[in-house]
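The lines below spell out each chain.
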Amino acid sequence: MLLFLKSMSFRSVNHQDQLQDLNNSTNCRELVTSPSSSSSTCTSLTVWRKSLIFSCKGFTVIGSDGNLVYRVDNYSGRRDQTILMDGSGKPILTICRHKKLRIVDNNWFIYEGEVLGEHDYTTSTKTSSSRKKPIFCVKKQMKILQSNINVLAHVYCHGISDKRYSYIIEGSYANRTCKVLDAKSRNVVAEIRKKQAVTGGVTFGLEVFVLVVMPGFDSGFAMAMVLLLDQMFS
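Predicted model only: the values in this text are computed from it and were never measured.

Student: Break down the pattern of salt bridges for me, citing the residues and quoting the values.
Tutor: Using the criterion set out here, one finds five salt bridges in the structure. A salt bridge links Glu-207 to Arg-49, with the nearest nitrogen and oxygen atoms 3.4 Å apart. On the criterion of sequence distance, the pair formed by Glu-207 in the loop between strand S11 (188-194) and strand S12 (208-213) and Arg-49 in the loop between strand S1 (43-48) and strand S2 (57-62) is long-range, its members being 158 residues apart. Exposure remark for Arg-49: the relative accessible area of 26% places this residue in the partly exposed category. Glu-191 is paired through a salt bridge with Arg-193; the nearest N and O atoms lie 3.9 Å apart. Look at Glu-191 and you get buried, because its relative accessible area is 10%.

So, in structure tokens, the structure goes:
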């Protein structure tokens, strides 16, 4: 399957032509400053909702050049903690969900690097500084409490105590049609789209899809949004 995805990725090297309509609608401007992203073009990643390791649940992410960019291998099957790694297996981000009040708690926290357990991280700024603090908080939107049913979640840069969110996620993850928008400008910074074959226009189904990342926006953070949506709506 990996060879098949690589083949499709190599054949989609001209993804700029395929994404021209997306570029025109957003002007493909630098919406978020990212030191690791100096390209003036969009990044197109093929996301396979499957781990390359047998008996593991996870994700495999292939770049347009056919190389492995990101991976998720969930050995324990825990849904309250997920580690996003680069292609070589180095941890980039850890996504954690509160264990307390799990029935009513709809908050997820994103940490830089790897955290192994509750003793390594905290969701409070008042606890020991030796523990890692989240760099982002993502709050799932409760459908019963909102007027716009298109909204899936809000992303906060400074924790849930901050009343202003930085990004908003809209669309339908079940249909693999989602957009991450800058809350202030309403410009699209990343988008989940169904993947289609180069010829024939046949879709790959829900297990294989495309993550489009705009210039200046970090693709690792965009992939973290995919992992969060998968936990929220799968």
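After presenting the structure, the write-up continues.
Student: Describe the sheet that holds S12, listing the residues and the values that go with them.
Tutor: Note: strands within a sheet are paired through backbone hydrogen bonds, in either parallel or antiparallel orientation. Taken in spatial order, the twelve strands line up as S1-S2-S3-S4-S5-S6-S7-S8-S9-S10-S11-S12 and close into a barrel, and their pairing is antiparallel. Going across the sheet, the axis of each strand differs from the next one's by a mean of 20°, ignoring polarity. In this structure, strand S7 (residues 136-140) lies alongside strand S8 (residues 151-156), joined through four bridges in antiparallel fashion. Considered in S8, the bridge of Val-138 is made with Val-155.

Student: So what's going on with the environment of Thr-46? Which residues, and what values?
Tutor: With respect to the helices, strands and loops of the structure, Thr-46 is situated in strand S1. C-alpha of Thr-46 to C-alpha of Leu-211: the two residues are 165 residues apart in sequence and 6.4 Å apart in space. Engagement of the side chain of Thr-46 in a polar contact is seen with the side chain of Lys-195, the distance being 3.3 Å.

Student: Describe in detail the packing of aromatic side chains, supporting the description with residues and values.
Tutor: This structure, assessed with the given rule, holds six aromatic pairs. Seen in terms of ring centroids, Tyr-156 and Tyr-165 are 6.1 Å apart; in terms of plane orientation they differ by 85°. Their pairing is edge-to-face. On the basis of relative accessible area, Tyr-156 is assigned to the buried category, the value being 11%. Accessibility expressed as a relative area gives 35% for Tyr-165, which makes it partly exposed. Centre to centre, the rings of Tyr-167 and Phe-217 are 5.6 Å apart; their planes meet at 75°, and the pair counts as edge-to-face. Highlighted residues: Tyr-167 in strand S9 (residues 167-172) and Phe-217 in the loop between S12 and helix H4 (219-233), separated in sequence by 50 residues. For Phe-217, a relative accessible area of 3% corresponds to the buried category. Of note, Lys-140 hangs over the ring of Phe-233, and the distance from its end group to the ring centre comes to 4.9 Å. Positioned above the aromatic ring of Tyr-173 is the side chain of Arg-176, whose terminal nitrogen or guanidinium carbon lies 4.1 Å from the ring centre.

Student: Hey, could you go over the nonpolar core for me, with residue numbers and the actual values?
Tutor: Membership of the largest hydrophobic core comes to 38 residues, with the highest contact counts inside it found for Phe-59, Ile-110, Leu-211, Met-223 and Met-225. For this core, the leading source of residues is H4, giving ten residues. The residues touching Met-223, leaving out its near neighbours within four places in the chain, are Val-47, Phe-59, Val-61, Tyr-70, Leu-84 and Leu-211. Listed in part, the eight residues of the second largest apolar core include Cys-42, Ile-168, Leu-181 and Val-210.

Definitions and cut-offs
Residues numbered from 1 in each chain as written. Predicted model: local features only at pLDDT ≥ 70, side-chain atom pairs only at ≥ 80, totals over all residues. Heavy atoms only, no water. Salt bridge = Lys/Arg side-chain N within 4 Å of Asp/Glu carboxyl O. Helix = DSSP H or I, 4+ residues; strand = E, 2+ residues; numbered from the N terminus. Buried < 20%, exposed > 50% of the residue type's maximum accessible area, 1.4 Å probe, protein only. Pairing = 2+ DSSP bridges. Axes fitted to C-alpha atoms, helices over the stretch in contact; angles between N-to-C directions. Polar contact = N/O pair within 3.5 Å; in protein donor to acceptor, adjacent residues only side chain to side chain. Phe/Tyr/Trp six-rings, centres within 6.5 Å; stacked < 30°, edge-to-face > 60°. Lys NZ or Arg CZ within 6 Å of the ring centre and 35° of its normal. Core = buried A, V, L, I, M, F, W, Y, C linked by side-chain atoms within 4.5 Å. Contact = heavy atoms within 4.5 Å.

That is the geometry; function is a separate question.
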